[in-house]
Every structure is written in C-alpha cells, then in structure tokens.
Amino acid sequence: MNIIMEKAAAQDLDAVSALYGAVCDYLADKPFNPGWRRDIFPAREDAIQYLNADGLCIARAGGEIVGSISLTPDADGVPCIHEAAVHPEHLREGVGTAMLDFAAKRAAELGAETLRLYVWEGNTPAIRAYEKSGFVCLGKKDIGLSEFGLEWFYLYEKPLGE
C-alpha cells in the first residue's frame, strides 16, 4: 500500500471525523478501547483543535484518508502525539508505522530531541506498536481520566536524531 503522509487541511475535517467514528465503532466492544466513543471522543471538535494548532496530519492511500495523527507540544514544550487513528479496514497495512515515522520526522524538523505520548495501560495493541517503533516506557501516571475508568497511562518517549 502506498501511504502518503501530509498535514491536514480544513477540507479534510469531514473525512477525519468519519475516520474517528469508524475507529470508535470498531473499538466499542474491545477490551483495549482507550475510552473512545463515537461523537464524544475523539470528535470533529478535537480534529478542529489540532488543525488550528497546525498539528493534525493524515495518511492517504488511494486518495482516501486511512489514518490520522495529532501532534502538538505538551506543557513542557515537547512534541506529543495525541489521537492516532487507523481506519479498521486498513489495520496491519503499515498505516500506523507511517504515521509514527511522520510524527517523529516532524518533531525532529522542529528541533525536538524526543517525541512523547501517553497510552492507556490496557491498550496493548498500541503499546506493542509504539515499542516496535522505538518508543520507550518512562513510567506510569494518572492523567486525570479515572472518572472514565482510565486511571493509569504509560508515558512513552522516542529519542530523535542519532
């Protein structure tokens, strides 16, 4: 599959919103669902927020949006991955890897030494993908989502450069 990574534009918002919905539907009954719920989180408003922050990126294949990843600085100024979504019809086709590689490249171009993300402790498929991509777990943290049944998250970082 030929995957093209690019920054999203306003005209991509409908497709990104539809992607979020498809991923939420797929995750609805999965034990590794990190709290994603259709039209609640992530939703179009989240995509707009990241687009306005110049951090919404998309993966295209055959002209169709097959994935989306959001990258903005965290409170410490370190580039941080937020929503990373691969359309369920395109799992295990390299979309996630392409998105993580693109995020690392963008962060390095911004002069960052590391790329950061938080992942819910029960999201084992994502954890495996992040570790395969070179992210290292730095510890466990409560990031304030326990009211949604998501108490513990792992902080991962990937060194850039080399």
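Bear in mind the structure is a predicted one, so any value in this text is a computation, not a measurement.

S.K.: What is the right way to read the overall build of the protein chain from this model?
M.R.: A count of helices and strands for the protein chain gives 4 helices and 7 strands. Here the protein chain has a C-alpha radius of gyration of 15 Å; the compact-globule value for 162 residues is 15 Å, and the two agree. For the protein chain, the spread of C-alpha atoms along the principal axes amounts to about 40 × 40 × 30 Å. Within the span of the protein chain, comprising 162 residues, buried residues form 46% of the whole. In the protein chain, the proportion of contacts linking residues at least 24 apart, taken out of those at least 6 apart, comes to 62%. Carbon and sulfur atoms make up 50% of the accessible area of the protein chain, which amounts to about 8600 Å² in all. Treating the 15 positive side-chain charges of the protein chain as one cloud and the 25 negative ones as another, the clouds have centres 3 Å apart.

S.K.: Where do I start with the packing of aromatic side chains in this structure?
M.R.: Think of a pair of aromatic rings as described by two things: how far the centres are apart, and how the planes are tilted against each other in angle. Taken as a whole, this structure holds 4 aromatic pairs when the rule is applied. A ring pair is formed by Y154 and Y156, whose centres lie 6.5 Å apart and whose planes are at 85 degrees; its orientation type is edge-to-face. Accessibility expressed as a relative area gives 22% for Y154, which makes it partly exposed. Judged by relative accessible area, Y156 falls into the buried class, the value being 3%. Grouped by ring-pair contacts, the aromatic residues Y20, W36 and F41 constitute a single cluster. The aromatic ring of Y26 is capped on one face by K30, whose charged end is 4.3 Å from the ring centroid.

S.K.: How should I be thinking about the sheet that holds strand β1 (residues 4-7) in this particular structure?
M.R.: Across a sheet, strands are paired by hydrogen bonds formed along the backbone, either parallel or antiparallel in direction. Reading across from one edge, β1-β2-β3-β4-β5-β7-β6 is the order of the 7 strands in this open sheet, with mixed pairing throughout. Edge positions in the open sheet fall to β1 and β6 (136-141), since each of these has one partner strand only. For this sheet, the mean inter-axis angle between neighbouring strands, taken without regard to orientation, is 30 degrees. Two strands pair when backbone bridges link them, and strand β5 (residues 114-120) and strand β7 (residues 153-159) are joined in this way by 7 bridges, in the antiparallel orientation. Bridging across to β7, L115 finds its partner in K158. Contacts from helix α2 (residues 44-52) reach β2 (56-61), β3 (64-73) and β4 (79-86) within the one sheet, and its direction differs from that of β2 by about 105 degrees. Of the strands in this sheet, β4, β5 and β7 touch helix α4 (residues 124-132), which is tilted by about 160 degrees from β5.

S.K.: Help me out: how do you make sense of the confidence of the model for the protein chain in this one?
M.R.: Close reading of the predicted structure is inappropriate where its pLDDT is low. In this model, the protein chain carries an average pLDDT of 93, and 98% of its residues clear a pLDDT of 70 or more. Here β6 is the element of the protein chain with the lowest mean pLDDT, 92, and β2 is the one with the highest, 98.

Each value, and the rule that gives it
- Residues numbered from 1 in each chain as written.
- Predicted model: local features only at pLDDT ≥ 70, side-chain atom pairs only at ≥ 80, totals over all residues.
- Heavy atoms only, no water.
- Helix = DSSP H or I, 4+ residues; strand = E, 2+ residues; numbered from the N terminus.
- Rg over C-alpha atoms; globule rule 2.2 N^0.38 Å.
- Buried < 20%, exposed > 50% of the residue type's maximum accessible area, 1.4 Å probe, protein only.
- Contact = heavy atoms within 4.5 Å.
- Areas by Shrake-Rupley, 256 points an atom, 1.4 Å probe, with all protein chains shown as cover.
- Lys, Arg positive; Asp, Glu negative; His and termini not counted.
- Charge placed at Lys NZ, Arg CZ, Asp CG, Glu CD.
- Phe/Tyr/Trp six-rings, centres within 6.5 Å; stacked < 30°, edge-to-face > 60°.
- Lys NZ or Arg CZ within 6 Å of the ring centre and 35° of its normal.
- Pairing = 2+ DSSP bridges.
- Axes fitted to C-alpha atoms, helices over the stretch in contact; angles between N-to-C directions.
- pLDDT = per-residue confidence, 0-100.

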